[in-house]
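Residue-level structural notes
Each chain, letter by letter, is given below.
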Amino acid sequence: MTDASGFVNASQTGEIPSFNGDEKAKATDFANYFCSYAQLYHQKQMLVDHNRMAAYHSAVMGNANVFKDKVVMDVGTGSGILAAWCAQAGAKKVYAVEYTDMAKHAKSVMEANGVQDIVTVIQGAVEDIQLPMEEDGLVADEGNEPMQVVDIIISEWMGYFLLRESMLDSLVRARDKFLKPGTGLMFPSHTTMYFAPVTDEEERKLSLQEYSNSMADWHEFAESTKATYGVDMGILEQNFEREQKDYYLLSSRWSELRQESVLAEPVVVKHLDMATCTIEDSRGIFVGAPNSTFAFEINGNDNLAGPISGFAGWFTADFKSRTDPEGEIAPKLLHPAFLSTGPENGYTHWGQQTFYLSSSIPLLKNQTTHLVGSLEMIRTKANSRLYNCRLTYSSSRTKNGESTVLYKSGTVDQVYQIP
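Residues numbered from 1 in each chain as written. Predicted model: local features only at pLDDT ≥ 70, side-chain atom pairs only at ≥ 80, totals over all residues. Heavy atoms only, no water.

1. Here we look at the packing of aromatic side chains
The line we're drawing: Ring pairs shown here join Phe, Tyr and Trp side chains whose ring centres sit within 6.5 Å, with only the six-membered ring taken for Trp; geometry is labelled stacked below 30 degrees between planes, edge-to-face above 60, and tilted in between. Strands are runs of DSSP state E lasting at least two residues, helices are runs of H or I lasting at least four, and both sets are numbered from the N terminus onward. For every residue, the accessible area obtained with a 1.4 Å probe (protein chains only) is divided by the maximum for its type, and the residue is called buried under 20%, exposed over 50%, and partly exposed between those limits.
Tallied over the entire structure, the rule returns 15 aromatic pairs. Here the aromatic rings of Trp254 and Tyr347 are separated by 6.3 Å at their centres, their planes lie at 55°, and the arrangement is tilted. Of the two residues, Trp254 is situated in strand E7 (residues 253-255) and Tyr347 in the loop between strand E12 (337-340) and strand E13 (352-361); the sequence distance between them amounts to 93 residues. For Trp254, a relative accessible area of 36% puts it in the partly exposed group.

As structure tokens, then:
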């Protein structure tokens, strides 16, 4: 995000400002991103998400044996509930890292729950902090880097469609700096992004109607201004129309889709092993990357409730044992936990991100509709915490069980912003 003063929510090298941004970039990042997390109402929104809470609670309390007497770091602790659970599960020491003044509330929560001697709340960016290792008697194992003293990193870092907010950058840097490389555990351990065609005509048509209403309101405004005040504002109509189109038609929408809205088996578009993923992995989905293409077949006889209104994306998170070769000696999780933000799992505060088409694609009886294309997801230049999605696809129809093409569309190439 940038304004007329040139405030950009990215460092000069395009990184998130908390890593290597100057003071101006960090101030912009706080105003655009961190400040909302300093509000209790925002924390409450996440704390009442029972699918989220139950997954993390099960992951920690169901595997208390791996937390017992261990050193834990909670990255982005917020109001501190994950840190408190880790202490209750038997951790020897928990470092709860929080950038915002929510850290003060987290300290109060630790004291109110009697775990203040175990949990140390550290306010600051995880990229900048230093652990009180000498004070807490921590020494790195032989062969490890001096600050690699943490046994477990836990974090609720995931944003809309997993990557939005780019908090994964901070998590990767914390892992590389603090986690014991061979035996350390990440909670969650693996994350997966899914993508599928969906039907949701009510919301698709609502987007179109809101856009039409906004343009009608503009025309009334322009005519009224000219008639009443003698100034023609028509010269601005094209720019206004572009703004409204970007907002109403070319932005993904938060959705709480029904399971039956999903018209084909979802495909994996990105998978991350949290023990090994890199900063480059967190930057998005690039052309030619594994899983960046898709091919869906939708039988009209099975989906007469269509049409195809758009595509939707969501993610899952696993809490399980390490699967990378270096982690073979790491403690095993005997009771894995799982979180899904997909339509099959009901409400989560993440929901799904739906990319609505300008025109729906009909599903016809006794015919199969084919959707073939690719997904690209990259950070915006002006705001390193936001992403744009480029969808490139074409559709065709065949008779069920036959290969003769009855209809084939041209290629559609559309860029959506994830607000």
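2. Brief notes about the pattern of salt bridges
The test is simple: Definition used for salt bridges: Asp or Glu carboxyl oxygen within 4 Å of a side-chain nitrogen of Lys or Arg.
Scanning the model with the defined rule gives 15 salt bridges in all. Salt-bridge contacts for Asp101 lead to Lys104; the nearest nitrogen and oxygen are separated by 3.1 Å. Here Arg253 makes a salt bridge to Glu203, at a shortest N to O gap of 3.5 Å. Within this pair, whereas Arg253 is found in strand E7, its partner Glu203 is found in helix H10 (residues 201-229), the two being separated by 50 residues in sequence. Overall, Arg253 belongs to the buried group, its relative accessible area being 18%.

3. Topic: the packing of helix H4 (residues 50-61) against helix H6 (residues 81-88)
For clarity, the threshold we go by: Helix axes are fitted only over the stretch in contact, all axes being lines through C-alpha atoms; the angle between N-to-C directions runs from 0 to 180 degrees. Should an angle fall under 35 degrees it is taken as roughly parallel, and over 145 as roughly antiparallel, whereas 65 to 115 is taken as roughly perpendicular and any remaining angle as oblique. In a left-handed crossing the near helix is turned counterclockwise from the far helix by less than a right angle, and in a right-handed crossing that turn is clockwise. Contact between two residues is taken to exist if any of their heavy atoms lie within 4.5 Å; hydrogens are not considered. Throughout this entry, Asp, Glu, Lys and Arg are counted as charged residues, while Ala, Val, Leu, Ile, Met, Phe, Trp, Tyr, Cys and Pro are counted as nonpolar. The remaining residues, Gly among them, count as polar.
Following both chains from N to C, one finds H4 and H6 inclined at 25°, their axes separated by 9 Å at the closest point. What the angle tells us is that H4 and H6 run roughly parallel. In terms of crossing hand, the pair formed by H4 and H6 is right-handed. Across the interface between the two elements, Met53, Tyr56, His57, Val60 and Met61 of H4 pack against Ile81, Leu82, Trp85, Cys86 and Gln88 of H6. Taken together, the residues of the contact of H4 with H6 sort by class into 8 nonpolar, 2 polar and no charged.

4. Let's talk about the nonpolar core
Heads up, the rule is: Take the buried Ala, Val, Leu, Ile, Met, Phe, Trp, Tyr and Cys residues and link them wherever side-chain atoms come within 4.5 Å; each set so joined is a nonpolar core.
Ranked by internal contacts, the top residues of the largest apolar core, which has 93 residues, are Met73, Leu131, Phe161, Phe187 and Phe195. Contact partners of Phe187, with chain neighbours within four places excluded, come to Tyr56, Ala59, Val66, Phe67, Ile152, Ile153, Ile154, Ser155, Phe319 and Leu333.

5. What to know about H10
So the rule is basically this: The span expected for a helix works out to 1.5 Å for each residue beyond the first.
Between the first and last C-alpha of H10 there are 41 Å, a value that for 29 residues agrees with the 42 Å anticipated at 1.5 Å per step. Of all the positions in H10, only Glu201, Arg204, Ser207, Tyr211, Ser214, Met215, Trp218, Ala222 and Thr225 are classed as buried. Buried residues in H10 make contact with helix H11 (237-248), E7, strand E11 (308-319) and E13. At the exit of H10 stands Gly230, carrying a positive phi of roughly 75°.

6. Notes on the environment of Ala264
Take Ala264: it is sitting in the loop between E7 and strand E8 (267-273). Ala264 gets classed as buried once you look at its relative accessible area, which sits at 13%. Ala264 sits 34 residues away from Ile298 along the chain, and the two C-alpha atoms are 6.1 Å apart. The residues touching Ala264, leaving out its near neighbours within four places in the chain, are Ala196, Pro197, Phe296, Glu297 and Ile298.

7. Comments concerning unusual backbone geometry
Going from Phe187 to Pro188, the amide bond is cis rather than trans, its omega being 0°. In this fold, Pro188 is placed in the loop between strand E5 (185-187) and strand E6 (190-198). One non-glycine residue, Ser166, lies in the positive phi region at around 60°. Topologically, Ser166 is positioned in the loop between strand E4 (152-154) and helix H9 (167-178). With a phi close to 65°, Asn366 is a non-glycine residue in the positive phi region.

8. So, H9
The first and last C-alpha atoms of H9 sit 17 Å apart over 12 residues, in line with the 16 Å expected at 1.5 Å per residue. Summarising burial for H9: 10 of the 12 residues are buried, a large majority. All buried positions along H9 are accounted for by Met167, Leu168, Asp169, Ser170, Leu171, Val172, Arg173, Ala174, Arg175 and Phe178.

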